[in-house]
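Structural characterization, general
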Amino acid sequence: MGGVTSTWTEPSDSPLTLLLLGKGVDPASERGVDCPGELPAPSDPDLVARATAAKAALGDRVFVLGHHYQRDEVIRFADVTGDSFKLAQQAAARPDAEFIVFCGVHFMAESADILTKPEQRVILPDLAAGCSMADMAVLGQVETAWEHFEDLGITGQIVPVTYMNSSADIKGFVGRNSGVVCTSSNAKRALDWSFEQGSKVFFLPDQHLGRNTAVLEMGFELDDCVLYDPHKPKGGLTDEQLINARMILWRGHCSVHGRFTLDSVREVRERVPGVNVLVHPECRHEVVRAADFVGSTEYIIKALDAAPAGSAWAVGTELNLVRRLALAHPDKQIMFLDRTVCYCSTMNRIDLPHLVWTLEELVAGRVPNVITVDEKTAHEARVALDQMLALP
């Protein structure tokens with residue numbers, strides 16, 4: 001096991017590390033607020049016992065969801081683990097649970113609220129657990145882009161597609177413009193459907209998933225894709241580029257997956273002969289091209305479960321998950337693709353103190369941090385989500 005765990009370096013106690021570990025305030029995050037209550041100290045030796053007791057006291061009234069990128073200390077209390085859409089579906093499948101405690105990030109809790117019954121309450125243990133990718137597509141900016149497309153007379157040809165990792169109002173925009181939501185595992189199916197409806201796709205908010213799917217799975221050329229930058233006039237593109245493009249990609253990315261580089265791949269291949277490089281499709285195009293295997297979080301988990309004993313794997317996704325997989329498979333050499341730490345900073349805000357505080361508040365009859373999507377937005381977003389569920 002020493003050889004497995006030594007492939008990464010734990011962060012030092014710098015201000016950045018404290019933020020990554022959820023012990024600081026990030027005012028630039030999706031919701032940018034600190035915990036509204038008094039958190040127990042992380043050093044409290046009774047945290048596990050307190051979480052266990054509170055969850056037992058709530059019984060079937062509470063259903064705890066844990067995203068794969070959560071810390072182990074949180075995952076141990078999850079009733080179900082999975083990726084964002086699977087967890088939202090699991091929440092909808094528990095109509096008798098009064099409280100859905102979503103240990104993930106804000107857009108995930110929004111999706112759970114959209115899919116669950118009105119009387120159920122979805123709770124995010126830390127309201128500052130946002131998503132940098134979701135933040136990169138703001139509704140006003142997207143509507144400005146769409147107005148530009150209308151001025152060019154091309155909106156009739158465009159089908160908007162948004163990745164699940166987007167806010168409820170972006171999903172609502174896509175729904176009211178006859179588009180579809182996609183996940184990293186069904187992006188090709190969503191794009192196939194979209195190109196049956198129109199000749200162009202406006203892909204939000206992750207440029208890398210859109211580009212990788214179009215070029216590597218559908219045979220598009222890189223020149224078929226243009227990058228719309230909302231911070232530049234007209235997206236930084238000429239009218240001709242927009243008119244000729246097949247894929248209009250929003251300038252957004254995942255702060256975790258976007259940090260892996262081609263040098264990371266080359267370095268690990270030199271260091272570990274015969275290593276299999278396995279990455280998420282949110283990684284940069286050149287990284288995905290250089291990898292041996294590419295797939296969603298669920299794909300990565302299944303691939304490593306099925307891998308033969310003694311095989312070596314360098315995995316390009318969030319560190320908590322890679323560490324958990326390495327410890328679960330001591331017969332395989334599973335390592336982090338990058339030499340440096342790469343947590344999802346906002347996901348890591350939800351730690352055991354936040355979970356204990358949330359559960360104990362519920363036991364006391366107080367319902368904290370409820371995530372609510374307004375009825376109109378929820379309806380329009382549900383249209384786009386339902387279209388995804390109806391994909392062939």
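Quick caveat: nothing in here was measured; it's all calculated off a predicted structure. Residue positions are given per chain, counting from 1 as you read along its sequence in written order. Given that the model is predicted, a residue must reach a pLDDT of at least 70 before its local features are reported, and side-chain atom pairs must reach 80 or more before they are shown or counted; all residues, however, enter totals for whole chains, interfaces and linings. The side-chain numbers reported here are obtained from all heavy atoms of the structure, hydrogens and water having been left aside.

Before going further, it helps to spend a moment on the overall build of the protein. For the protein, the count of helices and strands is 18 helices and 14 strands. Radius of gyration here is computed from C-alpha atoms only, and the compact-globule reference equals 2.2 Å multiplied by the residue count raised to the power 0.38. Rg of the C-alpha trace for the protein: 21 Å, near the compact-globule value of 21 Å for 392 residues, within the 12% margin. Oriented by its inertia axes, the alpha-carbon framework of the protein measures out at about 65 × 55 × 40 Å. For each residue, the accessible area found with a 1.4 Å probe, counting protein chains only, is set against the maximum for its type, and the residue is called buried under 20%, exposed over 50%, and partly exposed in between. Taking all 392 residues of the protein together, the buried fraction comes to 58%. Residue contacts are defined here by distance: any two heavy atoms, one from each residue, within 4.5 Å place the two residues in contact. Taking contacts inside the protein between residues at least 6 apart in sequence as the whole, the part at least 24 apart equals 68%. Only the protein chains shown count as cover for residues, and all accessible areas are computed by the Shrake-Rupley method using a 1.4 Å probe. Accessible surface, the protein as shown: approximately 15,700 Å² in total, 50% of it carbon and sulfur. Charge convention: Lys and Arg are scored as positive, Asp and Glu as negative, and His as well as the terminal groups of each chain are ignored. We put the charge of a Lys on NZ, of an Arg on CZ, of an Asp on CG and of a Glu on CD. Side chains of the protein give 36 positive and 53 negative charges; the mean places of these two sets differ by 3 Å. Runs of H or I in DSSP of at least four residues are treated as helices and runs of E of at least two as strands, each being numbered from the N terminus.

For the rest of this paragraph, the subject is the sheet that holds strand β10 (residues 276–279). Hydrogen bonds along the backbone pair up the strands of a sheet, which may run parallel or antiparallel. DSSP bridges decide pairing: two strands pair if at least two such bridges lie between them. In spatial order, the strands read β11-β10-β12-β13; together these 4 strands make up an open sheet with parallel pairing. Two strands close off the open sheet at either side, each with one partner strand: β11 (293–294) and β13 (333–336). The pairing of strand β12 (residues 312–316) with β13 spans 4 bridges and is classified as parallel. If you follow Trp-313 over to β13, its bridge partner there is Ile-334. Axis lines are fitted through C-alpha atoms, for helices just across the contact stretch, and the angle between N-to-C directions can take any value from 0 to 180 degrees. The strands touched by helix α13 (residues 262–271) within the sheet are β10, β12 and β13, with β10 carrying the most contacts at an inclination of about 150°. Packing against the sheet, helix α16 (residues 319–328) makes contact with β12 and β13, and its axis sits at approximately 165° to β13.

To define a nonpolar core, start from buried Ala, Val, Leu, Ile, Met, Phe, Trp, Tyr and Cys residues and group those joined through side-chain atoms within 4.5 Å. Ranked by internal contacts, the top residues of the largest apolar core, which has 126 residues, are Phe-149, Phe-202, Phe-203, Met-247 and Ile-248. Ranked by residue count, the leading element in this core is helix α6 (residues 106–115), at 6 residues. Setting aside its immediate chain neighbours within four residues, Met-247 contacts Leu-191, Phe-195, Val-201, Phe-203, Gly-210, Ala-214, Phe-220, Asp-224, Cys-225 and Val-226.

Moving on to the confidence of the model for the protein. The predictor rates its confidence in each residue with pLDDT, a number between 0 and 100. On average, residues of the protein carry a pLDDT of 89, and 90% of them reach 70 or more. With pLDDT under 50 throughout, residues 1–32 is counted as low confidence; its partners more than four residues away or in other chains account for 68 contacts.

Burial within helix α11 (residues 207–217) is extensive, with 9 of its 11 residues counted as buried. Along α11, the residues that are buried comprise Gln-207, His-208, Leu-209, Gly-210, Arg-211, Asn-212, Thr-213, Ala-214 and Val-215. Pairs of N or O atoms are called polar contacts if they sit within 3.5 Å, as long as, within protein, a hydrogen donor faces a hydrogen acceptor (for residues adjacent in sequence, only side-chain-to-side-chain pairs). Where α11 starts, the residue carrying a side-chain oxygen 3.2 Å from the main-chain nitrogen of His-208 turns out to be Asp-206. Directly beyond the C-terminal end of α11, a positive phi value near 80° is found at Gly-219.

Now for the packing of aromatic side chains. For any pair of aromatic rings, geometry is given as the distance between the ring centres together with the angle between the planes. Side-chain rings of Phe, Tyr and Trp (the six-membered ring for Trp) are treated as a pair once their centres are within 6.5 Å; stacked means planes under 30 degrees apart, edge-to-face means over 60, and tilted covers the remaining angles. Enumeration over the complete set of coordinates arrives at 10 aromatic pairs. Ring geometry for Phe-260 against Phe-336: centres 5.6 Å apart, planes inclined by 70°, an arrangement best described as edge-to-face. In this pair, Phe-260 is assigned in the loop between β9 (247–250) and α13 and Phe-336 in strand β13, connecting sequence segments 76 residues apart. A relative accessible area of 0% places Phe-260 in the buried class.

Right, let's get into the sheet that holds strand β2 (residues 80–82). The sheet built from 5 strands is open, its strands ordered β2-β1-β3-β4-β14 with mixed pairing. The strands lining the two open edges of the sheet, one partner per strand, are β2 and β14 (370–371). Bridge analysis of strand β4 (residues 121–123) against β14 gives 2 bridges, and the strand direction is antiparallel. If you follow Ile-123 over to β14, its bridge partner there is Val-370.

As a further point, take the pattern of salt bridges. Any Lys or Arg side-chain nitrogen located within 4 Å of an Asp or Glu carboxyl oxygen qualifies as a salt bridge. Enumeration over the complete set of coordinates arrives at 20 salt bridges. With a shortest N-O distance of 2.8 Å, Glu-360 and Arg-50 are connected by a salt bridge. Taken together, the residues span a long stretch of sequence, with Glu-360 in helix α17 (residues 352–363) and Arg-50 in helix α3 (residues 47–58) at a distance of 310 residues. A relative accessible area of 28% means that Glu-360 is categorised as partly exposed. Residue Arg-50 is classed as partly exposed on the basis of its relative accessible area, which comes to 27%. Salt-bridge contacts for Arg-259 lead to Asp-338; the nearest nitrogen and oxygen are separated by 3.1 Å. Of the two residues, Arg-259 is situated in the loop between β9 and α13 and Asp-338 in the loop between β13 and α17; the sequence distance between them amounts to 79 residues.

Okay, the environment of Val-277 next. On the secondary structure map, Val-277 appears in strand β10. Along the backbone, Val-277 and Met-136 are 141 residues apart, and their C-alpha atoms lie at a distance of 28 Å. Among residues more than four places away in sequence, those in contact with Val-277 are Val-265, Val-268, Arg-269, Ala-291, Asp-292, Phe-293, Ala-314 and Leu-337.

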